[in-house]
Amino acid sequence: MTQKEMIEEIQKLKEKKNAVILAHNYQIPEIQDIADIVGDSLKLSEEAAKTNADCIVFCGVHFMAESAKILSPNKKVLLPVEDATCPMADMVNKDDLVNFKKENPHIPIVCYVNSSAEVKAESHVCCTSSNALRVVEGLKEDTVLFVPDVNLGSYIKSKLTQKNIILWTGYCITHHRVKGSEVEKVKTKYPHTKLLVHPECNEDVVKKADFVGSTSEIIQYASTCEDEEFIIGTEMGVLHSLQNKNPNKKFYLLSQHLTCLNMKKTTLEDVYKALYYEKNEVKVEEEIRKKALQSLNKMLELGR
């Protein structure tokens, strides 16, 4: 099939199977363009839960599809590429947290949504990059464990000096590898241009930023700011959304390292096959799902 024919077939299958297609901002442009909803991982799952769709095709990575299943237990959730995973999510596991809780029963665990359902189930509360500050600040305890992202945790720690935040050693391999020297090089080339970065970047990069925020916050900031040019310090897929929303503005990627290979795995053919064969269904054990849902609900209570 040609690309046009593939898209037409996907649309037919979507209607036939009452499916909704979700695409993370880091997906390739063709995937973003066929999606019903494009956005951050948790926002996508929340929006999918509101629809009357029977099937969710989640164009992202495994933990995102799990989050959709946690919030939509009666919907079939399909991940087009089975081995699309998040290395950071794999840097912490259930056993790690079970052991920590045995030794530190009074220390709450704050879990970044970039984590498995099992890890969410063992955590006290989840957070996103946009509400992490509010979630941690909202906890009555002075000491908390933050997993798995050391960079997002460090950013929160720098803002909430009254809290003792124990940091895990996980990180996003895409954001973490950007160096402060790259910031200086780009800033020299575009000296009067604001740098917008994701808090998953390392501390040296974050300190040099003009704005620090989640993917959706970066998009909103760039779309509402009067400036016409921006340096973007998050995964390159977001440039597609930024350019679509702001055709008269210019965006420069901070580093060519900002490419997540797992997010780039999904193709139109993968989406077609997922719908046609209903393959790669993501399931979460009910006991784990209920416990993970509690940590997500606690997040909504503290982080709104």
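Anything mentioned here points back to the structure above.
Parameters at a glance
- Residues numbered from 1 in each chain as written.
- Predicted model: local features only at pLDDT ≥ 70, side-chain atom pairs only at ≥ 80, totals over all residues.
- Heavy atoms only, no water.
- Helix = DSSP H or I, 4+ residues; strand = E, 2+ residues; numbered from the N terminus.
- Rg over C-alpha atoms; globule rule 2.2 N^0.38 Å.
- Buried < 20%, exposed > 50% of the residue type's maximum accessible area, 1.4 Å probe, protein only.
- Contact = heavy atoms within 4.5 Å.
- Areas by Shrake-Rupley, 256 points an atom, 1.4 Å probe, with all protein chains shown as cover.
- Lys, Arg positive; Asp, Glu negative; His and termini not counted.
- Charge placed at Lys NZ, Arg CZ, Asp CG, Glu CD.
- Salt bridge = Lys/Arg side-chain N within 4 Å of Asp/Glu carboxyl O.
- Polar contact = N/O pair within 3.5 Å; in protein donor to acceptor, adjacent residues only side chain to side chain.
- Pairing = 2+ DSSP bridges.
- Axes fitted to C-alpha atoms, helices over the stretch in contact; angles between N-to-C directions.
- Left-handed = near helix turned anticlockwise from the far one by under 90°.
- Nonpolar A, V, L, I, M, F, W, Y, C, P; charged D, E, K, R; others polar.
- Core = buried A, V, L, I, M, F, W, Y, C linked by side-chain atoms within 4.5 Å.

Student: What is the right way to look at the overall build of the protein chain in this model?
Tutor: Regarding its fold elements, the protein chain presents 15 helices and 12 strands. The C-alpha radius of gyration computed for the protein chain amounts to 19 Å, which stays within 12% of the reference 19 Å derived for 304 residues, consistent with globular compactness. Expressed along its principal axes, the backbone C-alpha trace of the protein chain runs to roughly 55 × 50 × 30 Å. Taking all 304 residues of the protein chain together, 55% fall into the buried category. Contacts spanning at least 24 positions in sequence make up 60% of the contacts within the protein chain whose residues lie at least 6 apart. Surface exposure of the protein chain reaches about 13,900 Å², of which carbon and sulfur atoms provide 47%. Of the side-chain charges in the protein chain, 40 are positive and 44 negative, and the distance between the mean point of each set is 1 Å.

Student: Even after reading the chapter, I still don't get the pattern of salt bridges, so can you show me in this structure?
Tutor: Two side chains that carry opposite charge are able to pair once their charged atoms sit near each other. Inspection of every chain in the model, using the stated rule, returns 19 salt bridges. Among the salt bridges present, the one from lysine 208 reaches aspartate 204, with a minimum N-O distance of 2.8 Å. A salt bridge links arginine 289 to glutamate 286, with the nearest nitrogen and oxygen atoms 3.0 Å apart. Taken together, the residues span about one helical turn, with arginine 289 and glutamate 286 both in helix H15 (residues 286-303) at a distance of three residues. Glutamate 286 sits in the partly exposed class, given a relative accessible area of 39%. Residues joined in a network through salt bridges with shared partners are Lys17, Lys76 and Glu278.

Student: Can you walk me through the side chain of glutamate 200 in this structure?
Tutor: Take glutamate 200: it is sitting in the loop between strand E9 (194-197) and helix H11 (203-206). Buried within the structure, glutamate 200 lacks any salt-bridge partner; its nearest side chain of opposite charge belongs to arginine 177, at an N-O separation of 11 Å. Polar side-chain contacts of glutamate 200 include one of 2.6 Å to the side chain of tyrosine 112. Here the side chain of glutamate 200 touches asparagine 114 through a polar contact of 3.5 Å, side chain to side chain. Discounting residues that sit within four places of it in the chain, glutamate 200 has contacts with Met88, Tyr112, Asn114, Asp149, Asn151, Cys172, His175 and His176.

Student: What exactly am I supposed to notice about the sheet that holds strand E1 (residues 19-24) here?
Tutor: Adjacent strands of a sheet form backbone hydrogen bonds with each other and so pair up, either parallel or antiparallel. Read across the sheet, four strands follow the order E2-E1-E3-E4 without closing on themselves; strand pairing throughout is parallel. Looking along the sheet, the strands with just one partner apiece sit at the ends: strand E2 (37-39) and strand E4 (76-78). The sheet shows a mean angle of 20° between the axes of neighbouring strands, taken without regard to direction. Bridging between strand E3 (residues 55-59) and E4 involves three bridges; their strand directions are parallel. Bridge pairing links cysteine 55 to lysine 76 in E4.

Student: Just to check I follow, could you spell out the sheet that holds strand E12 (residues 250-253) for this structure?
Tutor: Strands sit in the order E10-E9-E11-E12 across an open sheet of four strands; the sheet is parallel. Every interior strand has two partners, whereas the edge strands, strand E10 (211-212) and E12, have only one. Here strand E11 (residues 229-233) runs beside E12; their pairing, made up of four bridges, is parallel. Within E12, the residue paired with phenylalanine 230 across the bridge is phenylalanine 251.

Student: It is not clear to me how the packing of helix H3 (residues 41-50) against helix H4 (residues 62-71) should be interpreted in this structure. Could you clarify?
Tutor: A packed helix pair is summarised by two numbers, namely the angle formed by the two axes and the spacing between the axes. As a packed pair, H3 and H4 sit with axes 9 Å apart at the nearest point and diverge in direction by 35°. The two elements H3 and H4 cross, and the hand of that crossing is right-handed. Here Ser41, Leu42, Ser45, Glu46 and Ala49 of H3 come into contact with H4, specifically with Phe63, Met64, Ser67, Ala68 and Leu71. Class assignment of the residues belonging to the contact of H3 with H4 gives a composition of six nonpolar, three polar and one charged.

Student: Just checking my understanding: could you explain the nonpolar core for this structure?
Tutor: Considering soluble globular proteins, one finds that nonpolar side chains tend to be buried as a cluster. Core analysis: the biggest nonpolar cluster contains 60 residues, and Val110 and Phe146 have the highest contact counts within it. When sequence neighbours within four positions are dropped, the list of residues in contact with phenylalanine 146 reads Val110, Tyr112, Cys127, Val136, Leu152, Gly153, Ile156, Ile165, Ile166, Leu167 and Trp168. In this structure, Ile28, Ile34, Ala35 and Tyr272 belong to the second largest nonpolar core, which totals 18 residues.

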